[in-house]
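# Geometric and topological summary
One-letter residues, chain by chain:
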Protein chains: 2
Amino acid sequence: MHIKHLKIVNFRNYKSSDFDFSEGVNIIFGPNGTGKTSILEAIYFLGISKSFRTSSDRDMLSFSEEHFHVFGEFYNSKKQKLLVNFNYQKDVGKKAFVNGEKLEKLTEIIGKIPIVILSPEYENISSSGPLLRRKFLDRVISLTDREYLKKLIDYRNILRERNELLKDYQRKAFFDYDVLMEAIDERLVDCAVYIYTARRNFLREFRGIVRKEMEELSGRVRIYDMRLDRESLEEDYKDVLKKKLLENFPRDVAIARTTSGPHLERLSIIFDGKDIRDIGSQGEQKIALVAIKLAEAEFIYNRLKERPILLFDDVFAYLDENHRQNLCCKLVSGCQIILTTTDKGVLAYFSKDVTVEAIELDVA
Amino acid sequence: MHIKHLKIVNFRNYKSSDFDFSEGVNIIFGPNGTGKTSILEAIYFLGISKSFRTSSDRDMLSFSEEHFHVFGEFYNSKKQKLLVNFNYQKDVGKKAFVNGEKLEKLTEIIGKIPIVILSPEYENISSSGPLLRRKFLDRVISLTDREYLKKLIDYRNILRERNELLKDYQRKAFFDYDVLMEAIDERLVDCAVYIYTARRNFLREFRGIVRKEMEELSGRVRIYDMRLDRESLEEDYKDVLKKKLLENFPRDVAIARTTSGPHLERLSIIFDGKDIRDIGSQGEQKIALVAIKLAEAEFIYNRLKERPILLFDDVFAYLDENHRQNLCCKLVSGCQIILTTTDKGVLAYFSKDVTVEAIELDVA
């Protein structure tokens, strides 16, 4: 998949601007605050129907304007054209059009334009720690497994039901595990088993890809792993979870919250033997993050047979020369890539036979 | 204040290493993962008795070692020597020595060596948002106002007492505001008024310094402000808070938590008219952060008549050429500065008459 043309009107600091992109590497240069990230935000918005920087569409509206438009011309690997158009109006909201036809539900757009984004702002918003966590897992698996997404939504609804019931029992100081709770737990466990298994199957494949990307980036073999809590211990997860829900039931009533299940699983990223949150330097965390994002692109390609667009926001910050060099070598591998940076020096890291489209922004 | 010599043993990746620093600008160069940040961490540790990267001292211990040492030779503006020594032993903990004398309490070290640190990791750990929040305020005010620190601790203790009592009332479904609660609230309000007033007095002075630093960094006038919730509204805070505690009392009992008071105040940072968390780009957030840190250094100097040591961890990442240039001009102003970076190009930003001490690290 690639984007050929982007038009944005009244979007962030842009009045009305057009951008053309090549199918390969595109670099957006510009001083701080000139709107580099906003271009990535507009492209991401076209593919996902929301921003990675804000949860409110209104934040993307230019100051003192009433509406914004984002328009993109995309082509997939079969050279099919996809025209995507989002119109947002204050106090009304947004509408989406694909090839001129209005979408009934905005979420219909998801999956049509695969995008992988690496943005420091995105990482701040999507996870409390500096690295991707459970949400990342759920998002990537959902992308290629609709059943997983369905189970995830079911699980959340049943969990909400259970917590409501717990609250009710708490009020009545009722501590008996009764048939009502048992019926809910039956349904909860069914969804949980699917989620539990899918996550482990995904990780089994994914961690190998990440490790390979990692080693290519840093030029040496690293002890690297991604794992979920107590991953290998639980042979028969179904029975284990059932037992836990029963055992923890009095505590769950006391605090009116469900304290076991996949909604509490934590994803750890292990780097040279320790949790990366504890030992990784800023640069090493960035390298791990880049490796994960490159692996995500490869995973999506393996499943969808369509290469995602890579949006890399200031990916060179914190990387040393060697890693910048290695990354630039890897970036010429078939995906369309759109990078932002303040530093023109990065052009030197690309081989001379690679055509790099440079887009320059000026101070407004 | 400046550090002349640092020695670290079994600290992070360092077996036994010595570093000498000049009184002016020191730049630590090195590829990713070579231990640049660990040097800053050791210096910070000497001044504050803990790390900015981890809450567990054991994380700083080299792999398979039993103890680490950190030793620093400092001089204040009166050229008085201060030898600080920290010894950590696994399963025992740490001991501190100043000029050979053992400190009874580790916290005695705080205030002796003023340090201002800017580290991306620190910002991640100390605040959930990308910028400094209430904790920052409390830390800086405490540094120069011992009474504030005392009130803050008192306030926390009274708050804990109040929440315990609320929990008790919740259990008994007792919703009468009685003399017991009134007596606690009396004490709570006393502390709260001090904290409330001190925070506003501090901000009134501090925001002007930040704005000046900001404009010097970006070379133009910016709409910039830092403010606390409903700052200007409450003329007579004492009565307002008393009334709120009384009004919210039934709700407080229902959730067993105190829902009014300075422990819930939020610090907003306003940049060109909007909250910086919503609109600032990564670069603009970095500029704001640098301005706040430079202002912190000036504020400390104004109060203590001693210039703090500035530790700037990869401060150039995300900054464009212009901002790098402006920052380097500002960095030659009397403070000892220790910077880390992967990029040797930054040397070019310093004027030729400035002596820059370069410390180079290699891949281990």
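These numbers come from a predicted model, not from an experiment.

### Points about the environment of Ala295(A)
Residues and elements named next belong to chain A. Take Ala295: it is sitting in helix α9 (residues 282–304). The spacing of Ala295 and Arg207 is 88 residues in sequence and 8.5 Å in space, taken between C-alpha atoms. What Ala295 contacts, discounting residues up to four positions off in sequence, is Phe206, Ile209, Val210 and Glu213.

### Digging into unusual backbone geometry
The backbone phi angle of Lys305(A) is positive, close to 55°, even though this residue is not glycine. On the secondary structure map, Lys305(A) appears in the loop between α9 and β12 (309–313).

### Focus on the pattern of salt bridges
Per the stated rule, a full pass over the model turns up 60 salt bridges over all chains. Lys293(A) is the partner of Glu296(A) in a salt bridge, and the nearest nitrogen-oxygen pair spans 3.2 Å. Taken together, the positions of Glu296(A) and Lys293(A), both in helix α9 and three residues apart, correspond to about one turn of that helix. Lys293(A) carries the same exposure label as Glu296(A), and that label is buried. Note that Arg199(B) is salt-bridged to Glu265(B), the shortest N-O span being 2.9 Å.

### Things to note about a positive patch on the surface
On the surface, a cluster of positive charge is contributed by Lys50(A), Lys135(A), Arg156(A) and Arg160(A). Mapped onto the secondary structure, Arg160(A) falls in helix α4 (residues 146–172).

### Here we look at the sheet that holds strand β14 (residues 356–360) of chain B
All names here are of chain B. Taken in spatial order, the five strands of this open sheet run β8-β12-β13-β3-β14, and their pairing is parallel. The outermost strands of the open sheet, each flanked by one partner alone, are β8 (115–118) and β14. For this sheet the average axis-to-axis angle between neighbouring strands, irrespective of direction, equals 15°. The strands touched by helix α9 (residues 282–304) within the sheet are β8 and β12 (309–313), with β8 carrying the most contacts at an inclination of about 180°.

### Let's talk about the sheet that holds strand β9 (residues 224–228) of chain B
All names here are of chain B. With antiparallel pairing, three strands are arranged side by side in an open sheet as β9-β10-β11. In this open sheet, the two edge strands, each paired with only one partner strand, are β9 and β11 (274–275). Sheet topology places β9 next to strand β10 (residues 267–271); five bridges connect them, and they run antiparallel. Directly across from Asp225, in β10, lies its bridge partner Ile270. On the sheet, helix α5 (residues 179–218) packs against β9 and β10 and is oriented at approximately 160° with respect to β9.

### Looking at the nonpolar core
Counting residues in hydrophobic clusters, the biggest one holds 71 residues, and the most contacted among them are Phe206(A), Tyr224(A), Met226(A), Leu310(A), Leu327(A), Leu331(A) and Leu339(A). Per-element accounting of this core gives the leading share, 16 residues, to helix α5 (residues 179–218) of chain A. Split by domain, the residues of this core number at least three in each of domain 1 (2–114 + 312–360) and domain 2 (132–305) of chain A. Sequence-distant contacts of Leu331(A), that is, excluding residues within four places in its chain, are made with Val25(A), Leu294(A), Leu310(A), Phe312(A), Ile337(A), Leu339(A) and Phe350(A). If you look at the next biggest cluster of nonpolar residues, it comprises 70 residues, including Phe29(B), Leu241(B), Ile287(B) and Phe299(B).

What counts, and where the lines are drawn
- Residues numbered from 1 in each chain as written.
- Chains lettered and ligands numbered in written order.
- Predicted model: local features only at pLDDT ≥ 70, side-chain atom pairs only at ≥ 80, totals over all residues.
- Heavy atoms only, no water.
- Helix = DSSP H or I, 4+ residues; strand = E, 2+ residues; numbered from the N terminus.
- Contact = heavy atoms within 4.5 Å.
- Salt bridge = Lys/Arg side-chain N within 4 Å of Asp/Glu carboxyl O.
- Buried < 20%, exposed > 50% of the residue type's maximum accessible area, 1.4 Å probe, protein only.
- Patch = residues over 30% accessible without salt bridge, like charges linked within 9 Å, V, L, I, M, F, W, Y side chains within 5 Å.
- Areas by Shrake-Rupley, 256 points an atom, 1.4 Å probe, with all protein chains shown as cover.
- Lys, Arg positive; Asp, Glu negative; His and termini not counted.
- Charge placed at Lys NZ, Arg CZ, Asp CG, Glu CD.
- Pairing = 2+ DSSP bridges.
- Axes fitted to C-alpha atoms, helices over the stretch in contact; angles between N-to-C directions.
- Core = buried A, V, L, I, M, F, W, Y, C linked by side-chain atoms within 4.5 Å.
- Domains from an automatic or database assignment.

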